[in-house]
Amino acid sequence: MAGTDNSIRQAFIEDPPNVLKAKPSEGAKRFRRCRSTPADPTEQPTDQKPSEHTSALKAKELFKDIRPSFRLVGLLLFVYLLVGVIIFYLFMDQISGKRTNRVLDALYFVIVTMTSVGYGDLVPRSDTTKLLACAFVFTGMAIIALFISKAADYIVEKQEVLFFKSLHMNMKGGDAKILRAMETNRIKYKFYTVALLMVTVVVSGTLFLWKVEKLSLVDSFYCVCATITTLGYGDKSFSSKLGRVFAIFWIIMSTILMAQFFLYLAELYTEQRQKMLAKWVLNRRITTMDLEAADLDGDRKVGAAEFVLYKLKELGKISQEEISSFLEEFNRLDVDQSGTLSTYDLTLAQTS
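Reading the values: the criteria
Residues numbered from 1 in each chain as written. Predicted model: local features only at pLDDT ≥ 70, side-chain atom pairs only at ≥ 80, totals over all residues. Heavy atoms only, no water. Helix = DSSP H or I, 4+ residues; strand = E, 2+ residues; numbered from the N terminus. Contact = heavy atoms within 4.5 Å. Areas by Shrake-Rupley, 256 points an atom, 1.4 Å probe, with all protein chains shown as cover. Axes fitted to C-alpha atoms, helices over the stretch in contact; angles between N-to-C directions. Parallel < 35°, antiparallel > 145°, perpendicular 65-115°, else oblique. Nonpolar A, V, L, I, M, F, W, Y, C, P; charged D, E, K, R; others polar. Phe/Tyr/Trp six-rings, centres within 6.5 Å; stacked < 30°, edge-to-face > 60°. Buried < 20%, exposed > 50% of the residue type's maximum accessible area, 1.4 Å probe, protein only. Expected span 1.5 Å × (residues − 1). Polar contact = N/O pair within 3.5 Å; in protein donor to acceptor, adjacent residues only side chain to side chain. UniProt positions renumbered as here; feature names shortened; annotations may be inferred. Salt bridge = Lys/Arg side-chain N within 4 Å of Asp/Glu carboxyl O.

1. Some remarks on the overall build of the protein chain
- Looking only at helices and strands, the protein chain has 13 helices and 2 strands in total.
- A separation of at least 24 residues holds for 64% of the contacts in the protein chain among residues at least 6 apart in sequence.
- Per element, the accessible surface of the protein chain, about 22700 Å² overall, is 62% carbon and sulfur.

Structure representation (structure tokens):
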């Protein structure tokens, strides 16, 4: 165990052998980055061969395959809307309410059902249409949940860069510095971007209902709030042909942004809590009890690696079970029991 800890400590404070380096200033400790993973996401390794990061690429491809692509989700949404329009177009005579155009009303009804707004201006009358509406609301909510995550990320990330640049027009250092600053405050800028888009959607919807649907200003704002929160009281809604064309696009956009607004609000709150915890952990005074808890190998001394692991455990970034599993894997790979891993160890471990 001591040999293992010493090897971990060396990985933090020593430079790799046979590498020319400038002499460090007196009294300064030397820390090196892990060569396999650059600390800065904007850095591009120049001396890395394709074979060295094959495993990283495979991991990315694995998660890419697990998560549905935006194109696939968009295709599912298109098929859902197409099938819904055809079905409710055929059964439109069994749906009561104010009509404008048969095809437009069918699409409008599917959108209102899918987003669970449910104004009540178009209502199924027969048992058949009621069962179809039940099927479409559950299927639509599943599809819209996938579409929300994909579409909102696409919309927000496009606007996030423009929003950040407008706030920091005088920032020097080029795109690399901008990307680093964005990554540091990513959740905050996403929240600001969604909030700005939400205001735009609310204002545009209110003005449209006021000018086109001829509702009062208060009723227009009331209808907008009932729509984006999916309350859908039904006393105020889009009743004209132009209004329903606008509603088809506006309802999807507004409900997506509302969902993402509260998601980013929760993430921003969690991030602030984590930063407060990190600040407390880094600034609090170390006691003898902390040293005893950080002493993994029981030699009454705490090395650099042990101290870092203890701080990570305090921050909740890693658990004791994870540390134990990592050490078990290390011991399994360390075939010659030298306390270090080499290519020879990996070859023996793989063959065995």
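This is not the end of the story, as more comes after the structure.
2. Some details on the packing of helix 8 (residues 217-228) against helix 9 (residues 241-283)
- With their axes 9 Å apart at the nearest point, helix 8 and helix 9 run at an angle of 65° to one another. The orientation of helix 8 with respect to helix 9, classified from their angle, is roughly perpendicular. Seen from helix 8, the contacting residues are Val224, Thr227 and Ile228; seen from helix 9, they are Trp250, Ile251, Ser254, Thr255 and Met258.
- Across the contact of helix 8 with helix 9, the residue classes tally to 5 nonpolar, 3 polar and no charged.

3. So, the packing of aromatic side chains
- Applying the stated criterion to the full structure yields 14 aromatic pairs.
- Judged by centre distance (6.1 Å) and plane angle (55°), the ring pair of Phe191 and Tyr192 falls under tilted.
- Accessibility expressed as a relative area gives 13% for Phe191, which makes it buried.
- According to the relative accessible area criterion, Tyr192 is partly exposed, its value standing at 37%.

4. Points about helix 4 (residues 102-114)
- Its 13 residues give helix 4 an end-to-end C-alpha distance of 18 Å, which sits within 8% of 18 Å, the value for a rise of 1.5 Å per residue.
- Helix 4 sits mainly inside the fold: 10 of its 13 residues count as buried.
- Buried within helix 4 we find Leu104, Asp105, Ala106, Tyr108, Phe109, Val110, Ile111, Val112, Thr113 and Met114.
- The N-capping residue of helix 4, defined by a side-chain oxygen 3.1 Å from the backbone nitrogen of Val103, is Asn101.
- Looking one or two residues past helix 4, Ser116 carries a phi angle of roughly 60°, positive in sign.

5. Some words on the environment of Met141
- Checked against the element boundaries, Met141 lands in helix 5 (residues 127-167).
- Along the primary structure Met141 and Ser116 are separated by 25 residues, whereas in three dimensions their C-alpha atoms are 7.6 Å apart.

6. A short note on the UniProt feature "transmembrane region" (unreviewed entry) in the protein chain
- This chain's UniProt record puts "transmembrane region" (unreviewed entry) on residues 70-91, 103-122, 128-148, 189-210 and 245-266.
- The span residues 103-122 shows a helical share of 60% and a strand share of 5%, and its end C-alpha atoms are spaced 13 Å apart.
- Counted over residues 245-266, helix gives 100% and strand 0%. Its end C-alpha atoms are 33 Å apart.

7. Quick notes on the pattern of salt bridges
- Overall, the coordinates contain 4 salt bridges when judged by the stated rule.
- In this structure, Arg244 and Asp121 form a salt bridge, with 3.6 Å as the shortest nitrogen-oxygen distance. With Arg244 in helix 9 and Asp121 in the loop between helix 4 and strand 2 (122-124), this pair connects stretches of sequence that are 123 residues apart.
- For Asp121, a relative accessible area of 13% translates into the label buried.
- Here Lys236 and Asp219 are joined by a salt bridge, their closest N and O atoms 3.6 Å apart. Of this pair, Lys236 sits in the loop between helix 8 and helix 9 while Asp219 sits in helix 8, and the two are 17 residues apart along the sequence.
- Classification of Lys236 by relative accessible area gives partly exposed; the value is 27%.
- You can call Asp219 partly exposed: its relative accessible area is 24%.
- Residues joined by salt bridges that share partners form a network here, namely Asp105, Asp121 and Arg244.

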